[in-house]
Amino acid sequence: VSGMEIYYCKKPDIFENFSSKRFAELMGARIRDSSGIEYRGIVHNDFSVLRNTEMPAILVETAFITNKDDYGRLKSDDFRDKTASGIAQGIRMALDEIEAFEYEGDLYVYKQAGGR
């Protein structure tokens, strides 16, 4: 197995039109574009680290250490820097989609009352 996968868990959305699946889609595209690694897509999984959160959550498998080529990538500063850049871009895009904003150094998101 080689390449990158992004895991998400299906759960009720707390933001209108933004789910963990959407977060995974944004993140995967950004990392793929930044790092150039083969993108294997998003995968639904019920991992506890994903299931037991209140907010949209994903798990990024940036490469597979058991694959010789991926292992070489993971040892590369260039690959790690490009992957980190893609992750940062994915987070920024997600924050933009949920209309997060900064006020006096803190990050805020408006959420309509009556949801979860």
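Cut-offs used in this document
Residues numbered from 1 in each chain as written. Predicted model: local features only at pLDDT ≥ 70, side-chain atom pairs only at ≥ 80, totals over all residues. Heavy atoms only, no water. Helix = DSSP H or I, 4+ residues; strand = E, 2+ residues; numbered from the N terminus. Buried < 20%, exposed > 50% of the residue type's maximum accessible area, 1.4 Å probe, protein only. Contact = heavy atoms within 4.5 Å. Areas by Shrake-Rupley, 256 points an atom, 1.4 Å probe, with all protein chains shown as cover. Lys, Arg positive; Asp, Glu negative; His and termini not counted. Charge placed at Lys NZ, Arg CZ, Asp CG, Glu CD. Pairing = 2+ DSSP bridges. Axes fitted to C-alpha atoms, helices over the stretch in contact; angles between N-to-C directions. Expected span 1.5 Å × (residues − 1). Polar contact = N/O pair within 3.5 Å; in protein donor to acceptor, adjacent residues only side chain to side chain.

Chemist: When you look at the overall build of the protein in this model, what are you seeing that I'm missing?
Modeler: Helix and strand content of the protein: 4 helices and 5 strands. In sequence order, the protein lays out its α and β elements as β-α-β-α-β-α-α-β-β. The C-alpha extent of the protein, read off along each of the three principal axes, is 50 × 35 × 20 Å. Counting across all 116 residues of the protein, residues that qualify as buried make up 36%. Across the protein, every contact between residues at least 6 apart in sequence was considered, and the portion connecting residues at least 24 apart equals 75%. Carbon and sulfur atoms make up 49% of the accessible area of the protein, which amounts to about 7400 Å² in all. Of the charged side chains in the protein, 16 are positive and 20 negative, and the gap between their average positions amounts to 6 Å.

Chemist: How should the environment of Ser76 be read in this particular structure?
Modeler: If you trace the backbone, Ser76 turns up in the loop between helix H3 (68-75) and helix H4 (77-97). Look at Ser76 and you get partly exposed, because its relative accessible area is 25%.

Chemist: Just checking my understanding: could you explain the environment of Glu38 for this structure?
Modeler: Relative to the elements of secondary structure, Glu38 occurs in the loop between helix H1 (20-35) and strand S2 (39-44). Under the relative-accessibility criterion, Glu38 is labelled partly exposed at 47%. Sequence separation between Glu38 and Ile91 is 53 residues; the distance between their C-alpha atoms is 20 Å. Glu38 has contacts with Ser2, Gly3 and Met4, leaving out every residue within four places of it along the chain.

Chemist: What am I meant to see in the sheet that holds S2 here?
Modeler: Where strands meet in a sheet, backbone hydrogen bonds hold them as pairs that are either parallel or antiparallel. Across the sheet, which stays open at both edges, the 3 strands sit in the order S2-S1-S3 with mixed pairing between neighbours. The open sheet terminates on both sides in strands that have one partner only, identified here as S2 and strand S3 (58-61). In this sheet, neighbouring strand axes are inclined to one another by 15° on average, regardless of whether the strands run parallel or antiparallel.

Chemist: Is there a simple way to explain H4 in this structure?
Modeler: Residue pairs three or four apart in sequence face the same way in an α-helix, which turns once every 3.6 residues. With 21 residues, H4 ought to run about 30 Å at 1.5 Å a step, and its terminal C-alpha atoms sit 30 Å apart, in line with that. Within H4, burial applies to Phe79, Thr83, Gly86, Gly90, Ala94 and Leu95. Buried residues belonging to H4 abut H1, H3 and strand S5 (106-108). Residue Ser76 occupies the N-cap position of H4, its side-chain oxygen lying 3.2 Å from the main-chain nitrogen of Asp78.

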